[in-house]
Amino acid sequence: MSKSLNTSASESEQTVAQVIDTIAATTPDVRHAIAEYRGQSNSVNPSGDDQLAADLRADELFEQRVLDIDGVATYASEERAEVETTDGRLHVAMDPLDGSSNLEPNSGMGTIFGVYSERPPTAGTNLLASGFVIYGPITSMVVARGGQVREYILEDGDKRLVDDDVTLPEEPTVFGFGGGVDSWTEDFESVAEEIRYELKLRYGGAMVADINQVLTYGGVFSYPKLQSRPEGKLRHQFEGHPMAYIVESAGGRSSDGERSLLETAPDELHSRTPLYLGNADLIERVESNVN
Ligand code: P6P
């Protein structure tokens, strides 16, 4: 089906709004899939991580509905090797089910998305909007767009605004560091050792929930470079960029250890990156240690 191409900025704005509403409207089906598809899929994603059947089902649901939106040209996902294309102008990149390893213990999980003006792999400076959903005790959605961060409660896929100006608290109180102390590099371990005595540990194994803790209480989240894995674990395009755009829009900072995560494009679609996100002074302390 040929679709009318967006030809103006306001039409791009409309497309961004439609992507956000389509993702929200898909969440009841994803929440259902989480319950129905708890098993393994006996496959791995392009990054080499085990894929659950729920990962694949969530990816299928979003791909179908996002590509149906007039003005969307491509759909890229952590769960699929190639970028799917159609007529359109904007580009959507998603982690359809972030933290699916938490499915077994029924802990926090979510969906992460970014809407770009350029086809991935591309720099985060080409983001027009990004956001995440948490399938928690309630289904909530955080969206960054035009320098503003808003939080919604989702009921039957409809958005209800609960905070129209999400900003990081001045005084940080929580930290969450992935990878495990035995796998950290010495330079990260030294700054982590300082921070652990100053802040409260909040690490749940799903980036969406851990970043939401930082947005709520102030602090720092990191999945740093590791001794055996200098590129870290998390994906630059699907996790790093969208979350960096949100945290920076909320008054915080992001870093890959040297500069804002948004300033660089991943070498490849599924490239990983070390990432540090949170209150600016904490990110500066980490950067001055990990170079
Ligand atoms: P680990 C989930 O699998 C994820 O991609 C992120 O959401 C999360 O921050 C990280 O990996 C957790 O990794 O090594 O603690 O299981």
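Conventions used here
Residues numbered from 1 in each chain as written. Predicted model: local features only at pLDDT ≥ 70, side-chain atom pairs only at ≥ 80, totals over all residues. Heavy atoms only, no water. Axes fitted to C-alpha atoms, helices over the stretch in contact; angles between N-to-C directions. Helix = DSSP H or I, 4+ residues; strand = E, 2+ residues; numbered from the N terminus. Parallel < 35°, antiparallel > 145°, perpendicular 65-115°, else oblique. Left-handed = near helix turned anticlockwise from the far one by under 90°. Contact = heavy atoms within 4.5 Å. Nonpolar A, V, L, I, M, F, W, Y, C, P; charged D, E, K, R; others polar. Near = heavy atom within 4 Å. Polar contact = N/O pair within 3.5 Å; in protein donor to acceptor, adjacent residues only side chain to side chain. Areas by Shrake-Rupley, 256 points an atom, 1.4 Å probe, with all protein chains shown as cover. Phe/Tyr/Trp six-rings, centres within 6.5 Å; stacked < 30°, edge-to-face > 60°. Buried < 20%, exposed > 50% of the residue type's maximum accessible area, 1.4 Å probe, protein only. Domains from an automatic or database assignment. Buried area = accessible area lost by both parts, 1.4 Å probe. Salt bridge = Lys/Arg side-chain N within 4 Å of Asp/Glu carboxyl O.

> Quick question: what am I supposed to make of the packing of helix H1 (residues 9-36) against helix H2 (residues 53-67) here?
Describing two packed helices takes the angle between their axes plus the distance from one axis to the other. Two numbers describe how H1 lies on H2: the axes approach to 10 Å, and their chain directions differ by 155°. Looking at the two axes, H1 sits roughly antiparallel to H2. Between H1 and H2 the crossing geometry is right-handed. Contacts between H1 and H2 involve Thr22, Ile23, Ala25, Thr26, Asp29, Val30, Ala33 and Ile34 on the former and, on the latter, Ala54, Arg57, Ala58, Leu61, Phe62, Arg65 and Val66. Split into classes, the residues belonging to the contact of H1 with H2 amount to 10 nonpolar, two polar and three charged.

> I keep staring at the site of the ligand and nothing clicks. Help me out?
Taken together, the residues surrounding the ligand are Asp98, Gly99, Tyr203, Gly205, Ala206, Met207, Phe221, Tyr223, Lys233, Leu234, Arg235 and Glu239. At 2.6 Å from an oxygen atom of the ligand is found a side-chain nitrogen or oxygen belonging to Asp98. For the ligand, whose free accessible area comes to 400 Å², the fraction covered by protein is 79%. Residues that form the shell around the ligand fall into these classes: six nonpolar, two polar and four charged.

> How do you make sense of the packing of aromatic side chains when you look at a structure like this?
We describe a pair of aromatic rings using the distance from one ring centre to the other and the angle between the two ring planes. One pass over the structure, following the stated rule, counts six aromatic pairs. With centroids separated by 5.0 Å and ring planes inclined at 50°, the aromatic side chains of Phe175 and Phe177 adopt a geometry described as tilted. As far as the burial class goes, Phe175 and Phe177 line up, both buried. Here the aromatic rings of Phe188 and Tyr276 are separated by 6.0 Å at their centres, their planes lie at 45°, and the arrangement is tilted.

> Is there a simple way to explain the packing of helix H4 (residues 207-217) against helix H5 (residues 236-249) in this structure?
Close contact between H4 and H5 brings their axes to 11 Å; oriented N to C, the two are set at 15°. Compared by their axis directions, H4 and H5 come out roughly parallel. Every pair of crossing elements has a handedness; the one defined by H4 and H5 is right-handed. From H4, Met207, Val208, Ile211 and Leu215 reach across to H5, where they touch Glu239, Met243, Ile246 and Val247.

> I tried to follow the domain arrangement of the chain on my own but got confused; where do I start?
Interface extent is often summarised as the accessible area lost during association of the parts. Domain parsing of the chain yields domain 1 (3-163) and domain 2 (174-290). Once you take the C-alpha centre of each, domain 1 and domain 2 turn out to be 21 Å apart. For the pair domain 1 and domain 2, the summed buried surface comes to about 2600 Å²; carbon and sulfur atoms form 62% of the total. In terms of surface lost to domain 2, no three residues of domain 1 exceed Ile112, Pro121 and Phe132, which account for 18% of the buried area on that side. At the surface where domain 1 touches domain 2, the tally comes to three salt bridges. When the shortest N-O distance is used, the salt bridge between Glu78 and Arg235 registers 3.4 Å. Counting the contacts that link domain 1 with domain 2 gives 16 residue pairs in polar contact (both at pLDDT 80 or more).

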